[in-house]
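Listed below, chain by chain, are the residues.
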Amino acid sequence: MAHSHGKYADFEDLREQAITLRRAGLSRRQIRDRLHVHNSDILNRLLDGEAAPEWTKRPNAKDDLRDRARELRLQGWTYDQIQVELGCSKSSISLWVRDLPRPERPRPNTQAARLGVQRAVENRAVARAELQAKACAEIGPITSRELFLVGVGLYWSEGAKAKPGSHRRVIFVNSDADMIKLFLAWLDLLGVEPERRRFSVNIHESADVPAAEAYWASQVGIDIDDLLKTSLKRHNPKTNRTNTGASYHGCLRVAVLQSADLHRRIEGWWSGMVVEARRGTA
């Protein structure tokens, strides 16, 4: 069958000559010069399907790496492991071994993993407890002046502040029982009589109110009947609260009767602490 290819009109005849020369061991350049075919596309078509002679193949420096990569892959090595071992890119490794079956990955030992996580959690808990115990021992006995200063700072950070034109009153609200006890110890230091203290619970209406009242009464050493009326916060079902469950007791509100002057003194004490702190760092 005749094809029109310009000066190479008889393509089939030309291809037969090219194949004969190729099988005789000639290189592409030799065939090109022998047949005067200087068009690379046509030369490729003439030699399509014919392997190059061995003597024309250049030695490939990566042949050894390729063979070694295939050997390692057959042994079950991962791409990362082969890359570290041979120092070649993952793209090259993938090209060399993609026809090989994927190595079976060992199934994780879930029980051992769970035990490992549990041990790690326990170790962290022990480390935290040791650190807290060490820090607690570093405090040592607290003097009256130290308790006084701590109480001033505690109230100014957590206690009620007076707004312009509002009635002054010492009120402290917190959900931490230890914080409440420290505040009561501070009131004792200031000589505030227990008769001037009023306690009430603030809590969400969806919580266990009687249990919370019993909890706070026991924390401050009073009868449940001595608590003022509990303030209930309306439950919002759209809010994703985390303060729920048996450990949630709401907050305790501690109010001091006839405490306007005490509130003014607290303001003055705090201002004095700020002045001295600035002076010490100046």
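Residues numbered from 1 in each chain as written. Predicted model: local features only at pLDDT ≥ 70, side-chain atom pairs only at ≥ 80, totals over all residues. Heavy atoms only, no water.

A. Up close: helix H1 (residues 11-23). Between its first and last C-alpha atoms H1 spans 18 Å; for 13 residues at 1.5 Å apiece the expected length is 18 Å, and the two agree. Those residues of H1 that fall on the buried side of the exposure criterion are Phe-11, Leu-14, Ala-18, Ile-19, Leu-21 and Arg-22. Looking straight down H1, one finds that the buried residues subtend no more than 165 degrees of arc, so they occupy a single side. Among the exposed residues of H1, those oriented more than 90 degrees off its buried face are Glu-16, Thr-20 and Arg-23. Gly-25 occupies a position one or two residues after H1 and carries a positive phi of about 100 degrees. (Helix = DSSP H or I, 4+ residues; strand = E, 2+ residues; numbered from the N terminus. Expected span 1.5 Å × (residues − 1). Buried < 20%, exposed > 50% of the residue type's maximum accessible area, 1.4 Å probe, protein only. Arc of directions from axis to C-beta.)

B. Up close: the sheet that holds strand S4 (residues 251-256). Taken in spatial order, the four strands make up an open sheet running S1-S4-S2-S3, and their pairing is mixed. Among the strands making up the open sheet, the edge pair consists of strand S1 (171-174) and strand S3 (231-233). With strand direction ignored, the average angle separating the axes of adjacent strands in the sheet is 20 degrees. Inspection of the sheet shows S1 paired to S4 by four bridges, in the antiparallel sense. When the bridges of S4 are listed, Phe-172 appears paired with Val-254. (Pairing = 2+ DSSP bridges. Axes fitted to C-alpha atoms, helices over the stretch in contact; angles between N-to-C directions.)

C. Representation of a negative patch on the surface. A cluster of acidic residues, Asp-10, Glu-12, Asp-13 and Glu-16, forms a negative patch at the surface. Mapped onto the elements, Asp-13 comes out in helix H1. Looking at Asp-13, the relative accessible area reads 34%, which means it is partly exposed. (Patch = residues over 30% accessible without salt bridge, like charges linked within 9 Å, V, L, I, M, F, W, Y side chains within 5 Å. Areas by Shrake-Rupley, 256 points an atom, 1.4 Å probe, with all protein chains shown as cover. Salt bridge = Lys/Arg side-chain N within 4 Å of Asp/Glu carboxyl O. Lys, Arg positive; Asp, Glu negative; His and termini not counted. Charge placed at Lys NZ, Arg CZ, Asp CG, Glu CD.)

D. The arrangement of the packing of aromatic side chains in detail. Per the stated rule, a full pass over the model turns up seven aromatic pairs. The interplanar angle of 20 degrees and the centroid separation of 6.4 Å between the aromatic rings of Trp-156 and Trp-270 together place this pair among those described as stacked. Of this pair, Trp-156 sits in helix H8 (residues 144-158) while Trp-270 is found in helix H11 (residues 260-281), placing the two residues 114 residues apart along the sequence. On the accessibility criterion, Trp-156 (24% relative accessible area) is partly exposed. Arranged with centres 5.1 Å apart and planes meeting at 75 degrees, the rings of Tyr-215 and Trp-216 form a pair that is edge-to-face. Judged by its relative accessible area of 23%, Tyr-215 falls in the partly exposed class. For Arg-45, the ring lying beneath its charged end belongs to Phe-11, and the centroid distance is 4.9 Å. We note Lys-161 situated over the ring of Trp-156; from NZ or CZ to the ring centre the distance is 5.6 Å. (Phe/Tyr/Trp six-rings, centres within 6.5 Å; stacked < 30°, edge-to-face > 60°. Lys NZ or Arg CZ within 6 Å of the ring centre and 35° of its normal.)

Take it as geometry only, folks, not as evidence of what the structure does.
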